[in-house]
Amino acid sequence: MLDNIDENEYVISVREHIARFPQDKRVPDDVYKERLSACLECDFLDRGTCEVCGCYVEFRALMKDKKCPKKKWLKF
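Please read all numbers here as calculations on a predicted model, not as lab measurements. (Residues numbered from 1 in each chain as written. Predicted model: local features only at pLDDT ≥ 70, side-chain atom pairs only at ≥ 80, totals over all residues. Heavy atoms only, no water.)

A.B. asks: With reference to specific residues and values, describe the overall build of the protein chain.
C.D. replies: Of the regular secondary structure elements, the protein chain holds three helices and two strands. Listed N to C, the secondary structure of the protein chain is α-α-β-β-α in terms of helices and strands. Against the globule reference of 11 Å for 76 residues, the protein chain gives a C-alpha radius of gyration of 13 Å, in line with a compact fold. If you line up the protein chain on its principal axes, its C-alpha atoms span 35 × 30 × 15 Å. The buried share of the protein chain, reckoned over its 76 residues, is 29%. Taking contacts inside the protein chain between residues at least 6 apart in sequence as the whole, the part at least 24 apart equals 53%. Accessible surface, the protein chain as shown: approximately 6,000 Å² in total, 51% of it carbon and sulfur. (Helix = DSSP H or I, 4+ residues; strand = E, 2+ residues; numbered from the N terminus. Rg over C-alpha atoms; globule rule 2.2 N^0.38 Å. Buried < 20%, exposed > 50% of the residue type's maximum accessible area, 1.4 Å probe, protein only. Contact = heavy atoms within 4.5 Å. Areas by Shrake-Rupley, 256 points an atom, 1.4 Å probe, with all protein chains shown as cover.)

Dropping the structure here:
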C-alpha cells in the first residue's frame with residue numbers, strides 16, 4: 001500500500017518527475033516559485049496536496065495549462 005512508500009524515495013521521485021517535465025509545457029521558474037509561494041500560504045494545502053482539487057501542488061504549479069482552483073495564482 002501507499003503507506004509503505006519511503007518518504008525520501010517519494011521526494012526523490014517528485015523531484016525527478018519535475019526535472020523531466022517538458023520545458024515547453026512548464027511555466028517560467030519565477031512564475032513557478034510565485035505559484036508555490038501562494039500555495040504555501042493557502043489554508044487548503046495539506047502536506048503538498050491541494051484539498052480543493054486533490055492535486056500535488058508542485059506538479060500543478062509547474063504546468064502552463066493549469067490554474068489554481070481558488071484563483072490564488074496571479075500569472076498563468
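Further notes follow.
A.B. asks: Residue-level account of the packing of aromatic side chains, with values.
C.D. replies: Counted according to the given criterion, the structure contains two aromatic pairs. Ring geometry for Y10 versus Y56: centroids 6.2 Å apart, planes at 55°, classification tilted. Taken as a pair, Y10 in helix 1 (residues 7-20) and Y56 in the loop between strand 2 (49-50) and helix 3 (57-60) lie far apart in primary sequence, 46 residues in all. Classification of Y10 by relative accessible area gives partly exposed; the value is 36%. Taken together, a centroid distance of 6.0 Å and an interplanar angle of 80° make the contact between Y56 and F59 edge-to-face. (Phe/Tyr/Trp six-rings, centres within 6.5 Å; stacked < 30°, edge-to-face > 60°.)

A.B. asks: I'd like a rundown of helix 1, residues and numbers included.
C.D. replies: Taking 1.5 Å as the rise per residue, helix 1 with 14 residues should run 20 Å; its terminal C-alpha atoms sit 20 Å apart, in good agreement. If you check the start of helix 1, you find a side-chain oxygen 2.9 Å away from the backbone N of N8, and it comes from D6. (Expected span 1.5 Å × (residues − 1). Polar contact = N/O pair within 3.5 Å; in protein donor to acceptor, adjacent residues only side chain to side chain.)

A.B. asks: Please set out the environment of I12 residue by residue, giving values where relevant.
C.D. replies: Locating I12 in the fold gives a position in helix 1. Sequence separation between I12 and M63 is 51 residues, and the spatial gap between their C-alpha atoms is 19 Å.

A.B. asks: For helix 2 (residues 29-40), give the residues involved together with the corresponding values.
C.D. replies: The first and last C-alpha atoms of helix 2 sit 16 Å apart over 12 residues, in line with the 16 Å expected at 1.5 Å per residue. If you follow the buried residues of helix 2, they end up packed against helix 1, strand 1 (45-46) and helix 3.

A.B. asks: Tell me what's going on with the environment of F21, and back it up with residues and numbers.
C.D. replies: Along the chain, F21 falls in the loop between helix 1 and helix 2. Using a relative accessible area of 16% as the deciding quantity, one classes F21 as buried. For F21 and N8, which are 13 residues apart along the polypeptide, the C-alpha to C-alpha distance reads 20 Å.

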